[in-house]
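Each chain is listed here by its residues.
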Amino acid sequence: MRRIVVLSGGIGGARFLRGLLQAAPEAEVTVIGNTGDDIHLFGLKVCPDLDTVMYTLGGGIHEEQGWGRTDETFAVKEELAAYGVGPEWFGLGDRDFATHIVRTQMMAAGYPLSAVTEALCQRWQPGVRLLPMTDDRVETHVLIDDEESGERRAVHFQEYWVRLRASVPARAVVPVGADQAKPAPGVLEALAEADVIVFPPSNPVVSVGTILAVPGIREGIAEAGVPVVGLSPIVGDAPVRGMADKVLAAVGVEATAAAVASHYGSGLLDAWLVDTVDAGAVTAVEEAGIRCRAVPLLMTDTDATAEMARAALSLAEEVTAV
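Predicted model only: the values in this text are computed from it and were never measured.

1. Let's talk about the pairing of strand β10 (residues 228–231)
Within a regular strand, the side chains alternate between the two sheet faces. Burial of the side chains of β10 extends over both faces: V228 and G230 are buried on one face and V229 and L231 on the other. The sheet contact formed by strand β9 (residues 196–199) and β10 spans three bridges and is parallel. Looking at the pairing, I197 lines up with V228 of β10.

What follows is the structure, encoded as structure tokens:
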């Protein structure tokens, strides 16, 4: 049985995983999920990326949004607003609240996030082993110039992404606490036992990049000695979805498929898929020591995404055969 490890953010990673499971139904898939987007709201521990993977693969996601629950209502949010309790810009639905309540209760009782995630997945049966990147608290913050005060300040990534809609330049992106964090139980073991490691078209800075910021994970990937293949989240010099170009600029990386490949680097990445519109980038990527192919990379439906996954696994096999 092929063992595949995927480093995943939220929507893009979750949708890719759905295609991967269709493309490789017999594979044993372990997902290392980003927890840098985690935030505490209303006294609750919220893990947006872990939940998006869990809901998407478990059949409970709001398909049009790509996040949150299907058939959602917002009575609790409306009541909180009536009491004047914020923030109002983060829309937790009633069904979603239940997940965060269970998580927070379990963590208050002493269970680590990895054990809580495993317990939550017992309900959803996502078909993968979902591991948080760490059990330690890591929160990504973004440094911005405050337009009102004229001063530079740090805001939580969720505030930058959801409330501000990345409308102001990101001056720096800092995964607070990552340097002191340890990989969650099972993470390094999964990497060591993998046959292939995949970077899906998730945000290379605040999703995959945050996972790689946890000491030991980058080293675990390098020491695994197996093909590492990535899929570009940039198509035609623009993010497929979201605002990845905003945070790429903060770390000095152009919003191009070739630049993101170079950002990961040949010391980490063995193979890279770009979209057919970026076929001109293949030569530059390969000259940087990374095998590259151009294939359609728009996840228009599960079948198209499965073809992307097959192309990634095929490219990984090419690397292995060399």
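Still more ground to cover, so stick around.
2. A short note on the sheet that holds β9
Across the sheet, seven strands lie side by side as β5-β2-β1-β9-β10-β11-β12; this open sheet has parallel pairing. Each of the sheet's edge strands pairs with one partner strand only, and the pair in question is β5 (129–132) and β12 (291–294). Here the average twist between neighbouring strands, direction ignored, is 20°. Relative to strand β11 (residues 271–274), β10 runs parallel, the two sharing three bridges. Directly across from G230, in β11, lies its bridge partner W272.

3. Points about the packing of helix α2 (residues 48–58) against helix α4 (residues 94–108)
Taken N-terminus to C-terminus, the directions of α2 and α4 make an angle of 120°; their axes are 12 Å apart at the nearest point. The pairing of α2 with α4 is recorded here as oblique in orientation. Where α2 crosses over α4, the handedness of that crossing is right-handed. For the pair α2 and α4, contact is made by D51, M54 and Y55 and by D96, T99, H100 and R103, respectively. Taken together, the residues of the contact of α2 with α4 break down into two nonpolar, two polar and three charged.

4. Digging into the packing of aromatic side chains
Applying the stated criterion to the full structure yields six aromatic pairs. Both rings, one in Y264 and one in W272, keep their centres 5.9 Å apart while their planes meet at 65°; by these two values the pair is edge-to-face. A relative accessible area of 7% means that Y264 is categorised as buried. Here R69 stacks its cationic end above the ring of Y55, 5.4 Å away from the centre of that ring.

5. Comments concerning the environment of Q65
Among the secondary structure elements, Q65 is positioned in the loop between α2 and α3 (75–82). The class for Q65 is partly exposed, based on a relative accessible area of 27%. Separated by 75 residues in sequence, Q65 and T140 have C-alpha atoms that sit 22 Å apart. For Q65, the side chain forms a polar contact with the main-chain oxygen of W67, separated by 2.9 Å.

6. Section: the pattern of salt bridges
The full count for this structure, using the stated rule, is 14 salt bridges. With its nearest N and O atoms 2.9 Å apart, the salt bridge here joins D145 to R171. Here the residue D145 occupies a position in strand β6 (residues 139–145), and R171 occupies one in the loop between α6 (157–163) and β8 (172–176), the gap between them amounting to 26 residues. Using a relative accessible area of 41% as the deciding quantity, one classes R171 as partly exposed. A salt bridge links R291 to E318, with the nearest nitrogen and oxygen atoms 3.4 Å apart. Here the residue R291 occupies a position in strand β12, and E318 occupies one in helix α13 (residues 302–321), the gap between them amounting to 27 residues.

7. Considerations on the environment of I11
Along the polypeptide, I11 turns up in helix α1 (residues 11–23). I11 gets classed as buried once you look at its relative accessible area, which sits at 17%. Spatially, the C-alpha atom of I11 lies 10.0 Å from that of D51, the residues being 40 residues apart in sequence.

8. Some details on the sheet that holds strand β7 (residues 152–156)
Here we have three strands laid out as an open sheet, ordered β7-β6-β8, and antiparallel in their pairing. Edge strands, defined here as strands with exactly one partner in the open sheet, are β7 and β8. Mean inter-strand twist for the sheet, computed between neighbouring axes without regard to direction, equals 30°.

9. A word on the packing of α4 against helix α5 (residues 113–124)
Relative to each other, α4 and α5 sit at 140°, their axes nearing to 10 Å. Overall, the two elements α4 and α5 adopt an arrangement that is oblique. For the element pair α4 and α5, the recorded crossing hand is right-handed. Mapping the contact onto sequence places T99, V102, R103, M106 and M107 in α4 and L113, V116, A119 and L120 in α5. Here the contact of α4 with α5 is composed, by residue class, of seven nonpolar, one polar and one charged.

What counts and what doesn't
- Residues numbered from 1 in each chain as written.
- Predicted model: local features only at pLDDT ≥ 70, side-chain atom pairs only at ≥ 80, totals over all residues.
- Heavy atoms only, no water.
- Buried < 20%, exposed > 50% of the residue type's maximum accessible area, 1.4 Å probe, protein only.
- Helix = DSSP H or I, 4+ residues; strand = E, 2+ residues; numbered from the N terminus.
- Pairing = 2+ DSSP bridges.
- Axes fitted to C-alpha atoms, helices over the stretch in contact; angles between N-to-C directions.
- Parallel < 35°, antiparallel > 145°, perpendicular 65-115°, else oblique.
- Left-handed = near helix turned anticlockwise from the far one by under 90°.
- Contact = heavy atoms within 4.5 Å.
- Nonpolar A, V, L, I, M, F, W, Y, C, P; charged D, E, K, R; others polar.
- Phe/Tyr/Trp six-rings, centres within 6.5 Å; stacked < 30°, edge-to-face > 60°.
- Lys NZ or Arg CZ within 6 Å of the ring centre and 35° of its normal.
- Polar contact = N/O pair within 3.5 Å; in protein donor to acceptor, adjacent residues only side chain to side chain.
- Salt bridge = Lys/Arg side-chain N within 4 Å of Asp/Glu carboxyl O.

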